[in-house]
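Coordinate analysis (summary)
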There are 2 protein chains.
Amino acid sequence: MAAVRLQDVAARAGVSQATASRVLNGSTRIPGEGVADRVRAAARELGYKPNAQAQALARASTGLLGLIVHDIADPYFSSIVRGVQTAARTARKQVLLASTDRDFDIERESVSTFISHRADAIVLAGSRQSGDLDRALEAEFDYYRANGGRVVVIGQPLAFGSAVEPENHCASGQLADALAEAGHTQFAVIGGPGNIRTAVDRRNGFVEALSRRGLTTMVEVSGPFTRDGGYAAARRLAAALQLRPDSGATPVCVFAVTDVMAIGAIAAWREMGLVVPRDVCVAGFDDIPTLRDHTPSLTTVVLPLEAIGAQAVQLALHSGSDDLRERVPGQVVLRDSTRLP
Amino acid sequence: MAAVRLQDVAARAGVSQATASRVLNGSTRIPGEGVADRVRAAARELGYKPNAQAQALARASTGLLGLIVHDIADPYFSSIVRGVQTAARTARKQVLLASTDRDFDIERESVSTFISHRADAIVLAGSRQSGDLDRALEAEFDYYRANGGRVVVIGQPLAFGSAVEPENHCASGQLADALAEAGHTQFAVIGGPGNIRTAVDRRNGFVEALSRRGLTTMVEVSGPFTRDGGYAAARRLAAALQLRPDSGATPVCVFAVTDVMAIGAIAAWREMGLVVPRDVCVAGFDDIPTLRDHTPSLTTVVLPLEAIGAQAVQLALHSGSDDLRERVPGQVVLRDSTRLP
DNA sequence: CTGAAAGCGCTTACAG
DNA sequence: CTGAAAGCGCTTACAG
């Protein structure tokens, strides 16, 4: 049994294929009521389903939205994807998903494949190298944009394309201020990869706000943007600061540039017998959903993750060749993990 | 600037379109070296990218894999999706993702859309109503399968299609046994929706294993398959059992049919001043990644979530019209949340 | 080994 | 308002 085609519907309704097409999909010029009804009835009886591939070929657009994330299992990204999904559904777009495992080769391949599939837009979530963008990737995007494709990035402003930009630098500064005003005097940082813009911005925003108050970080360590990256970095940090359980000393306040890293850090310290916030304090960034049930509750900068995903879809759907930029502020929330005695 | 077509490549290489097609995509009968090289060079110089839509129309398959989950932000599903992504990538398939928000209407629409896009296979993750499957959904699938589409479900065996089935009933029984052998004597259950097969199987497996030992649950409550569902159910359970902080009584052991619900339950109890496992014990199911950094550590049944996603892809890619069934055992792991004094 | 031509299932000017 | 026909960009028997 072959799939029923538009032609089958047309034959059954006793009209031409063009007419059937118009009543079933065409917007303007809907044929006379009687005809339209006959066509719709025929389509229903036959169980007609338009072939999206054929429609895409005949029309300009595919209705496909390409979405690329570093790791779909990371709560930061899965929250964003949720927002994208919801917005895409109301816009009647289908989402083509790629999770790159933080591998830039895979990322580039994904872009290439999405272009082959003629996605109407490509959303790139997760920051990239700052400075010189991968040459090959840029070439892909140039080609894509030249052919009418829209690209929007979440997290880093590229030299081209639209962007949804969390105010990482500014919000990190506000976090530093809030912490200092809460009485913290000693700071340290667990940063991310040096070629990831988001990591760098957050670290800089924090450190610069501190220096404005005449404060300096005692130590800085860094690692991959993952739970394990935070875990490993935290061990090095503990060694550097010679942290001891219940030493009685004023706890150092550590800024982990990501909630996920902060959680890894807390796990590492717990294994060493260190208690947060008694022996060491820590703040994160993002406000991933997981935090809700984490102990101790984590001080962080709240980012509206789902809304960010939805906004990316809005920018992606925006007709017009101009590139848009949407800034998203973060909100500092102090919780148990930075509570002073 | 229009996208470069195969014809452009052929012209530049001085060969026919058929030849260009064969060297660039066709498998058998690769033309002579010289010709092939010229075509490849032309394709590279022009930046040719095959139009996947056109290829899909001309060939039989689209290379698309439709994946439907209840909620992409739920760690259970995002872990599975990660496994699907990885397997799909190695199989060179693209993933079309739909997150339904646990709405069966949206689920049906997603299936319908995936069929329109002529996905080669559709993977449905998340259990459905047991018994009478949504009539409309079934009709969609019948049509789809009749046209060569493969469907594979994760979690529930449908009347048709392939399936990756965690051994919910059996593993829950093993969990009950392990708990009883650890010394627990009083039990309760936080179950899921009555029309969700997975929830029912897990509850039954647990309760039946208990009864084999002459034990009965003291109370059973249930709620939606979510963190908040577990939270609300836990409050009702606490009221029913009249749980009090530090009462000194032997803690009741509660089986929440999902880790996500168990985490919500612990949060509810914590707010009531109840301490796990001192005042109440709890075990979950799934072993979502989040558990790794949860306090207290949660007793659960480990399911290889990513592997399950990967297996679903294998079944989806399996050529042949026969339906396959893959059973996945769970492994009980006892942790702090059920530790007796 | 290579090419001319038909066909995949739709949409959309262009006529009537 | 409706239809005949061309075209979207590929693949693939069928000939040569």
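About the thresholds
- Residues numbered from 1 in each chain as written.
- Chains lettered and ligands numbered in written order.
- Predicted model: local features only at pLDDT ≥ 70, side-chain atom pairs only at ≥ 80, totals over all residues.
- Heavy atoms only, no water.
- Helix = DSSP H or I, 4+ residues; strand = E, 2+ residues; numbered from the N terminus.
- Contact = heavy atoms within 4.5 Å.
- Phe/Tyr/Trp six-rings, centres within 6.5 Å; stacked < 30°, edge-to-face > 60°.
- Buried < 20%, exposed > 50% of the residue type's maximum accessible area, 1.4 Å probe, protein only.
- Lys NZ or Arg CZ within 6 Å of the ring centre and 35° of its normal.
- Domains from an automatic or database assignment.
- Buried area = accessible area lost by both parts, 1.4 Å probe.
- Salt bridge = Lys/Arg side-chain N within 4 Å of Asp/Glu carboxyl O.
- Polar contact = N/O pair within 3.5 Å; in protein donor to acceptor, adjacent residues only side chain to side chain.
- Axes fitted to C-alpha atoms, helices over the stretch in contact; angles between N-to-C directions.
- Parallel < 35°, antiparallel > 145°, perpendicular 65-115°, else oblique.
- Left-handed = near helix turned anticlockwise from the far one by under 90°.
- Arc of directions from axis to C-beta.
- Pairing = 2+ DSSP bridges.
- Disulfide = S-S within 2.5 Å.

This paragraph deals with the side chain of S172(A). The residue S172(A) is located in helix α8 (residues 168–181) in this model. In contact with S172(A), not counting residues within four places along its chain, are R202(A), G205(A), F206(A), F255(A) and F285(A).

A separate point is the packing of aromatic side chains. Across all of its chains, the model carries eight aromatic pairs over all chains by this definition. With 5.9 Å between their ring centres and 70° between their planes, F187(B) and F206(B) make a pair best called edge-to-face. Within this pair, whereas F187(B) is found in strand β6 (residues 187–191), its partner F206(B) is found in helix α9 (residues 197–212), the two being separated by 19 residues in sequence. One exposure class covers both F187(B) and F206(B), and it is buried. Taking the centre distance of 4.5 Å and the plane angle of 25° together, the rings of F206(B) and F255(B) count as stacked. In this pair, F206(B) is assigned in helix α9 and F255(B) in strand β8 (residues 252–256), connecting sequence segments 49 residues apart. Residue F206(B) is classed as buried on the basis of its relative accessible area, which comes to 0%. Exposure remark for F255(B): the relative accessible area of 0% places this residue in the buried category. Among the aromatic side chains, those forming a connected cluster through ring pairs are F187(A), F206(A) and F255(A). One Lys or Arg, R202(B), reaches over the ring of F285(B) and ends 3.7 Å from the middle of that ring.

Domains assigned within chain A are domain 1 (6–50), domain 2 (64–166 + 306–328) and domain 3 (168–303 + 331–338). Between the C-alpha centres of domain 1 of chain A and domain 3 of chain A there is a distance of 62 Å.

Turning our eyes to something else, we now look at the interface of chain A and chain B. Accessible area lost on assembly of the parts is the figure often given for the size of an interface. Taken residue by residue, the interface counts 53 residues in chain A and 54 residues in chain B. Area buried by chain A at its contact with chain B is led by K49(A), Q53(A) and D293(A), which between them contribute 15% of it. Applying the counting rule to chain A against chain B returns 12 salt bridges. Our enumeration of links across chain A and chain B arrives at 28 residue pairs in polar contact (both at pLDDT 80 or more).

Glancing now at the packing of helix α6 (residues 104–116) of chain B against helix α7 (residues 135–146) of chain B. The axes of two packed helices give the description: the angle between them and the distance between them. Residues and elements named next belong to chain B. The geometry of α6 relative to α7 is characterised by a closest axis approach of 10 Å and an angle of 15° between their N-to-C directions. One finds that α6 runs roughly parallel with respect to α7. For the element pair α6 and α7, the recorded crossing hand is left-handed. Contact with α6, carried on its side by E107, R108, V111, S112 and I115, involves A136, L137, E140, F141, Y143 and Y144 of α7 and no other residues of that element.

The next point concerns helix α1 (residues 6–13) of chain A. All names here are of chain A. Among the residues of α1, L6, V9, A10 and A13 are the ones counted as buried. The buried residues of α1 occupy an angular sector of 100° when projected down its axis, which confines them to one face. On its buried face, α1 is in contact with α2 (17–24) and α3 (33–46). Positive phi appears at G14, one or two residues downstream of α1, with a value of about 70°.

On to the pattern of salt bridges, then. Residue and element names in this part refer to chain A. Considering all chains together, one arrives at 54 salt bridges over all chains under this definition. Among the ionic pairs, D105 bridges to R108, the shortest N-O distance being 2.9 Å. With D105 and R108 both in helix α6 (residues 104–116), this residue pair falls three residues apart, about one helical turn. Looking at R108, the relative accessible area reads 21%, which means it is partly exposed. The partner of R327 in a salt bridge is E165, and the shortest N-O contact between them spans 3.5 Å. Separated by 162 residues along the polypeptide, R327 in strand β11 (residues 325–328) and E165 in strand β5 (residues 162–166) bring together distant segments of the chain. By relative accessible area, R327 is classed as exposed at 51%.

All names here are of chain B. Judged by how many residues are buried, strand β3 (residues 121–125) sits mostly within the fold: five of five residues are covered. Residues A121, V123 and A125 point to one face of β3 and I122 and L124 to the other, with burial holding for every one of them. As paired elements, strand β1 (residues 64–69) and β3 share four bridges and run parallel to each other. By the bridge assignment, L67 is partnered in β3 with V123.

Attention now moves to the sheet that holds β8(B). All names here are of chain B. An order of β7-β6-β8-β9 is seen for the four strands of this open sheet, with the pairing classed as parallel. Each of the sheet's edge strands pairs with one partner strand only, and the pair in question is β7 (217–222) and β9 (280–283). Across the sheet, the axes of successive neighbouring strands diverge by a mean angle of 20°, strand direction being ignored. Pairing between β6 and β7: five bridges, direction parallel. Within β7, the position partnered with F187 by the bridge is T217. Seen against the sheet, helix α8 (residues 168–181) touches β6, β8 and β9 and runs at an angle of roughly 165° to β8. Its contacts with the sheet put helix α11 (residues 259–271) on β6, β8 and β9, and the angle it makes with β9 is roughly 165°.

With that out of the way, let us pick up the state of the cysteines. Throughout this description, disulfide means a covalent bond between two cysteine sulfur atoms. Within the structure shown, the criterion is met by zero disulfides over all chains. Looking at the unpaired C281(A), the closest cysteine sulfur is the one in C253(A), lying at 5.6 Å. Taking relative accessible area as the criterion, C281(A) reaches 0% and is therefore assigned buried. For the unlinked cysteine C170(B), the closest cysteine sulfur is that of C253(B), found at 18 Å.

Strands sit in the order β11(A)-β5(A)-β4(A)-β3(A)-β1(A)-β2(A)-β2(B)-β1(B)-β3(B)-β4(B)-β5(B)-β11(B) across an open sheet of 12 strands; the sheet is mixed. The strands lining the two open edges of the sheet, one partner per strand, are β11 of chain A together with β11 (325–328) of chain B. For this sheet the average axis-to-axis angle between neighbouring strands, irrespective of direction, equals 20°. Looking at chain direction, β1(B) and strand β2 (residues 94–99) of chain B are connected through six bridges and run parallel. Paired with I68(B) across the strands is A98(B), a residue of β2(B). Against the sheet, helix α5 (residues 75–90) of chain A makes contact with β1 (64–69), β2 (94–99), β3 (121–125) and β4 (150–154) of chain A together with β2 of chain B, and its axis sits at roughly 175° relative to β1(A), the strand it touches most.

Here we take up the environment of G273(A). Residue and element names in this part refer to chain A. Considering the arrangement of structural elements, one finds G273 in the loop between α11 (259–271) and β9 (280–283). Remark: the alpha-carbon pair of G273 and G230, spanning 43 residues in sequence, is separated by 17 Å. When neighbours within four sequence positions are excluded, G273 is seen to be in contact with P245, R278 and D279.

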